[in-house]
Amino acid sequence: MLRLEKLVKTYKTGDQALKAVDLEVPSGQVLALIGPSGAGKSTLIRCINRLVEPSSGKVWLAETELTGLGQGALRRERRRMGMIFQEYALVERLTVMENVLSGRLGYVGFWRSLARRFPQKDVDEAFRLLDRVGLLHMADKRADELSGGQRQRVGICRALIQDPKLLLVDEPTASLDPKTSRQIMRLICELCEERGLAAIINIHDVALAQRFVQRVIGLRFGEIVYDGPPDGLSPDKLTEIYGEEDWEATIKKDDEAPVEAAE
Ligand SMILES: Nc1ncnc2c1ncn2[C@@H]1O[C@H](COP(=O)(O)OP(=O)(O)OP(=O)(O)O)[C@@H](O)[C@H]1O
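Residues numbered from 1 in each chain as written. Predicted model: local features only at pLDDT ≥ 70, side-chain atom pairs only at ≥ 80, totals over all residues. Heavy atoms only, no water.

Trainee: When you look at the sheet that holds strand β5 (residues 64-65) in this model, what are you seeing that I'm missing?
Mentor: Hydrogen bonds between backbone groups are what pair the strands of a sheet, and the pairing can be parallel or antiparallel. Pairing within the open sheet is antiparallel, and its four strands lie in the order β2-β1-β4-β5. The strands lining the two open edges of the sheet, one partner per strand, are β2 (16-25) and β5. Both strand β1 (residues 2-10) and strand β4 (residues 56-61) contribute to a ladder of five bridges, which runs antiparallel. In the sheet register, Leu 4 faces β4, and the bridge partner there is Val 59. (Pairing = 2+ DSSP bridges. Helix = DSSP H or I, 4+ residues; strand = E, 2+ residues; numbered from the N terminus.)

Trainee: So what exactly am I meant to see when it comes to the site of the ligand here?
Mentor: Residues in contact with the ligand amount to 14 residues; listed here are only the nearest, Ser 37, Gly 38, Lys 41, Ser 42 and Thr 43. In the model, an oxygen atom of the ligand is placed 2.5 Å from a nitrogen or oxygen of the Ser 37 side chain. Gly 40 places a main-chain nitrogen or oxygen 3.0 Å from an oxygen atom of the ligand. Burial of the ligand by the surrounding chains reaches 64%, relative to a free accessible area of 630 Å². In terms of residue count, helix α1 (residues 41-48) provides more of the shell around the ligand than any other element does, three residues in total. Counted by class, the shell around the ligand contains four nonpolar, seven polar and three charged residues. (Near = heavy atom within 4 Å. Polar contact = N/O pair within 3.5 Å; in protein donor to acceptor, adjacent residues only side chain to side chain. Areas by Shrake-Rupley, 256 points an atom, 1.4 Å probe, with all protein chains shown as cover. Nonpolar A, V, L, I, M, F, W, Y, C, P; charged D, E, K, R; others polar.)

Trainee: What's the story with the nonpolar core in this structure? I'm lost.
Mentor: Soluble, globular proteins show a tendency: their nonpolar side chains are buried together. One finds Ile 34, Ile 156, Leu 167, Met 185, Ile 201, Ile 203 and Leu 233 to be the most contacted residues of the largest nonpolar core, which totals 51 residues. By residue number, the principal contributor to this core is helix α7 (residues 178-195), which donates seven residues. Look past the residues within four positions of Ile 201 in its chain and what remains in contact with it is Val 30, Leu 31, Ala 32, Leu 33, Val 169, Pro 172, Met 185 and Ile 188. Within the second largest apolar cluster, 28 residues are counted, among which are Leu 7, Val 25, Met 83 and Ile 200. (Core = buried A, V, L, I, M, F, W, Y, C linked by side-chain atoms within 4.5 Å. Buried < 20%, exposed > 50% of the residue type's maximum accessible area, 1.4 Å probe, protein only. Contact = heavy atoms within 4.5 Å.)

Trainee: Could you clarify how one ought to interpret the sheet that holds strand β9 (residues 215-220) in this entry?
Mentor: What the six strands build is an open sheet, ordered β6-β7-β8-β3-β9-β10; its pairing is mixed. Across the chains shown, the open sheet's two edge strands, defined by having one partner strand only, are β6 (81-84) and β10 (223-228). Ignoring strand direction, the axes of neighbouring strands in this sheet form an average angle of 20°. In this structure, strand β3 (residues 30-34) lies alongside β9, joined through four bridges in parallel fashion. Paired with Leu 31 across the strands is Arg 215, a residue of β9. (Axes fitted to C-alpha atoms, helices over the stretch in contact; angles between N-to-C directions.)

Next comes the structure, spelled out in structure tokens:
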């Protein structure tokens, strides 16, 4: 449902962040994008919805070539791609409910959005989503009163209320403690499964990626150097992706106790 063909991004500075990346993601597949700092992970995610304009190559979302669209058509197609950010990108002075509903701004008309008058079905869906992520009781709280984990849950609801087919997730746990990180990764993966959503998750924590996703893409210097199951990430493979390090302590152990469901 998502296809990248020879995607290249060269920034004005001359940095070649992506070198002819080919990638296909079927419907409903959740994959993790790993790689060292500067490998091109954020660039790849942002080239898909053209927040960063690719230099050449094509991005297909189902039958639509996103790279060939004008601004109006691109705005419409972006509704099908929800984005979740490391720093949540909430509007601090707005309530949780208002932040979630802002995910519908691409759908409601200009005047309606200006008055923040959303259709009742959008409000109902926002309540359902907040309930699903355990934040129903927080609906009227201001965003700046929330913890990091709660903010990310709001960010997730805001992406999902768009009713996307694909989630683009940029370091969702980078600002969170280890336990909250696991909770957020689990939540994202569960929601994708419930809704048949595909997702690309840019994540630094290899063990966390291995624990939750079916497929891992390793990026190095703008090229895919690993594409396979989480268990195929041997120390040698990780060295190829990241460079020398002692990986035994980092890789998920098979005998590791499963995380409590109640976490
Ligand atoms: N706006 C920009 N202008 C110029 N060069 C950029 C820009 N954004 C990224 N780059 C360069 O492109 C390359 C890839 O950067 P990118 O942020 O995509 O990597 P990343 O894998 O997401 O790194 P990190 O994990 O540190 O976020 C780097 O060499 C970076 O310096």
